[in-house]
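Structural description and commentary
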Amino acid sequence: MSASGGTKAIVAALVANLSIAVAKFVAFLFSGSSSMLAESVHSLADSGNQGLLLLGGKKAKREATPQHPFGYGRERYIYAFLVSIVLFSVGGMFAVYEGYEKIKHPHEITAWYWPVGVLIFAIIAEIFSFRTAIKESNQTRGDRSWTEFVRRSKAPELPVVLLEDLGALVGLILALGGVGLALATGNGVWDGIGTLCIGILLIVIAIILAAETKSLLLGESAGLEEVEKIKAAVVDGDTVTGIIHMRTLHLGPEELLVAAKIAVQHDDTAVEIANAINAAENRIREAVPIARVIYLEPDIFNAEAAAAGTNPGKTPGAPAPQDPAAPGGPKDLGH
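What you see is a predicted model, and the numbers here were worked out from it, not measured in a lab.

The rules we used
- Residues numbered from 1 in each chain as written.
- Predicted model: local features only at pLDDT ≥ 70, side-chain atom pairs only at ≥ 80, totals over all residues.
- Heavy atoms only, no water.
- Helix = DSSP H or I, 4+ residues; strand = E, 2+ residues; numbered from the N terminus.
- Buried < 20%, exposed > 50% of the residue type's maximum accessible area, 1.4 Å probe, protein only.
- Contact = heavy atoms within 4.5 Å.
- Lys, Arg positive; Asp, Glu negative; His and termini not counted.
- Salt bridge = Lys/Arg side-chain N within 4 Å of Asp/Glu carboxyl O.
- Pairing = 2+ DSSP bridges.
- Axes fitted to C-alpha atoms, helices over the stretch in contact; angles between N-to-C directions.
- Core = buried A, V, L, I, M, F, W, Y, C linked by side-chain atoms within 4.5 Å.
- pLDDT = per-residue confidence, 0-100.

Here we take up the overall build of the protein. For the protein, the helix and strand inventory stands at 10 helices and 3 strands. Along the chain direction, N to C, the helices and strands of the protein fall in the order α-α-α-α-α-α-α-α-β-β-α-β-α. Buried residues in the protein amount to 44% of all 335 residues. Excluding contacts between residues fewer than 6 apart, the proportion of contacts in the protein whose partners are at least 24 apart in sequence is 72%.

Looking now at the side chain of Asp 46. Structurally, Asp 46 is set in helix 2 (residues 34–59). Lys 24 provides the closest opposite charge to the buried, salt-bridge-free Asp 46, at an N-O distance of 7.1 Å. If sequence neighbours within four positions are ignored, Asp 46 has contacts with Asn 17, Leu 87, Glu 164 and Ala 168.

Let us now look at the sheet that holds strand 3 (residues 291–300). Taken together, the 3 strands give an open sheet; going across it, the order is 1-2-3, and neighbouring strands pair in mixed fashion. For this open sheet the edge positions go to strand 1 (240–252) and strand 3, each flanked by a neighbour on one side alone. Pairs of neighbouring strands in the sheet enclose a mean axial angle of 15°, with direction left out of account. Bridge count for strand 2 (residues 255–264) against strand 3 is 9 bridges, and the pairing is parallel. Looking across to strand 3, one finds that Ile 262 is bridged to Pro 298.

Most often, soluble globular proteins keep nonpolar side chains buried together rather than apart. If you look at the biggest cluster of nonpolar residues, it comprises 38 residues, and the most contacted ones within it are Leu 53, Leu 87, Leu 119, Val 160, Val 161 and Leu 209. Of all the elements in the fold, those that place two or more residues in this core are helix 1 (4–31), helix 2, helix 3 (75–104), helix 4 (113–141), helix 5 (146–152), helix 6 (157–185) and helix 7 (189–218). The biggest single contributor to this core is helix 6, with 10 residues. Setting aside residues up to four positions removed in sequence, Val 161 forms contacts with Ala 9, Ile 10, Ala 13, Leu 53 and Ala 133. With 21 residues, the next largest nonpolar core counts Ile 230, Ala 233, Ile 262 and Val 288 among its residues.

Tracing the backbone through its elements, the reader meets Val 96 in helix 3. The sequence separation of Val 96 and Leu 196 amounts to 100 residues, and the corresponding C-alpha distance is 4.8 Å. With near-sequence residues (within four places) excluded, Val 96 lies in contact with Leu 196, Gly 199, Ile 200 and Ile 203.

Low pLDDT marks regions whose predicted coordinates should not be analysed in detail. Looking at the protein as a whole, the pLDDT averages 83, with 88% of positions reaching at least 70. By mean pLDDT, helix 10 (residues 303–308) is the weakest element of the protein at 61, and helix 9 (residues 270–287) is the strongest at 93. A low-confidence stretch, residues 1–5 stays under pLDDT 50, and its non-local contacts, those more than four residues away or across chains, total 15 contacts. Every residue in residues 315–335 scores below 50 in pLDDT, and together they form 26 contacts with partners more than four places removed in sequence or on other chains.

Laid out in structure tokens, this is it:
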């Protein structure tokens, strides 16, 4: 896992959610509160999600094989995507159903001190877990906003734990509000409304997680800062005079593939080019340590080929189609 911080945040969330789930189930049995039942299932689902993240991190460490020559780094993305599915189905949809049933068939909450006491305990435990996730995220977040951190982070664990903990805290507040209003008014409908709000909240968070993890599964390039470092490291101003085109792809959170066609002088020897490529690869790895798979192809610089390489939909380095209105184009009659 990326960082021990990621594992630390996951373990803290797992311990908190397991203890909270047990307490909520006990409170539900004594009080009959649907909010407590929804929150119990939510905490149980979150516990399973943390287990999935830990399992994904372990599987991602496997060595590359002939069948999977680039390794298993994307296992972490797959298990993070599974988390969003579990949160949507087990957490969100169950809470929506339970809330609807409680609104349709309300009943009075008994032994009110159980749900209230457990919710207060759960809020304190979730604050501890959320604080740990924030503290560990700050070590890698830099000057990015929290929204940008969740959207741009290549390691999925911390954003997942952050959103889960945030959802858990807001859900607990909603549950406490629903139980409190139900007790104050004597109308169990409020408990159902609180449960329904919890379900909607979890579904929204699950959709956000699914969308962000889907982007990682499809394959994201390196960040702008890393791209600029790689570009600066490739060119030596002597043998390697420029980059014709370049592609980067995250094979996992800590493994980056770099493929580039580099411009060399037409009279350079094969030995000079080979030495220049080896030196460029070393500079890239020094500048961006996660760049572990590097392919550099030498070529004589050609403006049209370089232009074609800017479009990912075209074959990199292929001749660019001429503009019909441009000199020498199909419609140029030589006037």
